[in-house]
Amino acid sequence: KCFITNCPRQERRNADRIILGMLEEINQEAKERMQKSISAFKSSLSKIRTGRATPDILDSITLDYYGNETPLKQLSNISVEDSQTLSISPWEEKFIPEIEQAIAKANIGLNPVTSGNIIRIPLPALTEERRIELTKQVKTEEEQAKVSVRNIRRDSIQDLKDFLNEKMISEDDFHKGQNDIQKITDQMIENIESIGGEKQKELMTI
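From a predicted model like this one, the values you see are computed outputs, not experimental measurements.

Thresholds applied
Residues numbered from 1 in each chain as written. Predicted model: local features only at pLDDT ≥ 70, side-chain atom pairs only at ≥ 80, totals over all residues. Heavy atoms only, no water. Core = buried A, V, L, I, M, F, W, Y, C linked by side-chain atoms within 4.5 Å. Buried < 20%, exposed > 50% of the residue type's maximum accessible area, 1.4 Å probe, protein only. Helix = DSSP H or I, 4+ residues; strand = E, 2+ residues; numbered from the N terminus. Contact = heavy atoms within 4.5 Å. Phe/Tyr/Trp six-rings, centres within 6.5 Å; stacked < 30°, edge-to-face > 60°. Arc of directions from axis to C-beta. Pairing = 2+ DSSP bridges.

A. Broad picture of the nonpolar core. Counting 28 residues, the largest nonpolar core has Met34, Leu160 and Ile169 as the members making the most contacts within it. Put simply, the parts of the chain that give this core at least two residues each are α1 (7–46), α3 (128–165) and α4 (171–204). It is α1 that contributes the most residues to this core, 9 residues altogether. Residues within four places of Met34 in sequence aside, it is in contact with Val149, Ile152, Arg153, Ile184, Thr185 and Met188. Of all hydrophobic cores here, the second largest spans 20 residues; its members include Leu72, Ile78, Phe95 and Ile99.

This is the structure:
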């Protein structure tokens, strides 16, 4: 049996739950999209080599493995031979020529040298001028990632405005949602700056 005095309260609780779910959905979608932007940023940075050998340099290299584009690291063992040399041991020796071609086509300034079934990649030392140039490139990539994150924030706030205009949420709900999105954005921007700063530090470390 429903008492009149209790009905509005229960209805309000239900409405609050629905609104909370809507706001949470917007937040979650924003987080997921922003994380994808950060992943793309990391991928771009992995192509910018630092002064020392690291397998991450080859993260962008893929091969056609029986009709599927497959990351090189899934088809071989990649190790650091010394501070200036990477060593690649393919699981299947027949893929050595394809690996050499894929590295050359990637246009990341690396020249593989094969000896038997081992592919070695010597990394030429970076000049100071080149380090500064690459640092600027990192800053450019960082700014693009920030723009991407801010565009997602704009989209999320527009969704909130649409809900407000359709009277699906109140002004208070709108401002709460806006604040939540801004907090998420700030965290993502901070993360981007941290990743970019670490990459710049690596580049300038001799």
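Anyway, onward from the coordinates.
B. Quick peek at the packing of aromatic side chains. Scanning the model with the defined rule gives 3 aromatic pairs in all. With a centroid separation of 4.7 Å and 70° between ring planes, the pair formed by Tyr65 and Tyr66 is classed as edge-to-face. A ring pair is formed by Tyr65 and Phe95, whose centres lie 5.4 Å apart and whose planes are at 50°; its orientation type is tilted. One end of the pair, Tyr65, is in strand β1 (residues 62–65); the other, Phe95, is in the loop between β4 (85–90) and α2 (96–105), and 30 residues separate them in sequence. Among the residues examined, Tyr65 registers a relative accessible area of 24% and is labelled partly exposed. The buried category is assigned to Phe95, whose relative accessible area is 9%. The structure contains a cluster of three or more aromatic residues connected by ring pairs, namely Tyr65, Tyr66 and Phe95.

C. Seen up close, α2. Restricting attention to buried positions, one finds in α2 the residues Ile96, Ile99, Ala102 and Ile103. Buried residues in α2, looked at end-on, bunch into an arc of 125°, giving them a common side. Opposite the packed face of α2, turned more than 90 degrees from it, sit the exposed residues Ala104 and Lys105. Looking at the buried residues of α2, the elements they touch are β1, β4, β5 (113–115) and β6 (118–122). Positive backbone phi, approximately 55°, marks Asn107, located one or two places after α2.

D. The pairing of β4, seen in detail. Counted residue by residue, β4 has 5 buried out of 6 residues, so it is predominantly covered. Where strand β3 (residues 76–82) meets β4, 6 bridges bridge the pair, whose relative direction is antiparallel. Counted as the bridge partner of Asn77 is Ser89 from β4. What sits between the antiparallel neighbours β3 and β4 is a turn of 2 residues. Examined bridge by bridge, β4 and β6 share 4 bridges and lie antiparallel to one another.

E. Structural context of unusual backbone geometry. Positive phi, normally seen in glycine, also occurs at Tyr66, with a value near 50°. With respect to the element layout, Tyr66 can be found in the loop between β1 and β2 (68–71). Although it is not a glycine, Lys167 sits at a positive phi angle of roughly 60°. Among the structural elements, Lys167 can be located in the loop between α3 and α4. Among the residues examined, Lys167 registers a relative accessible area of 74% and is labelled exposed.

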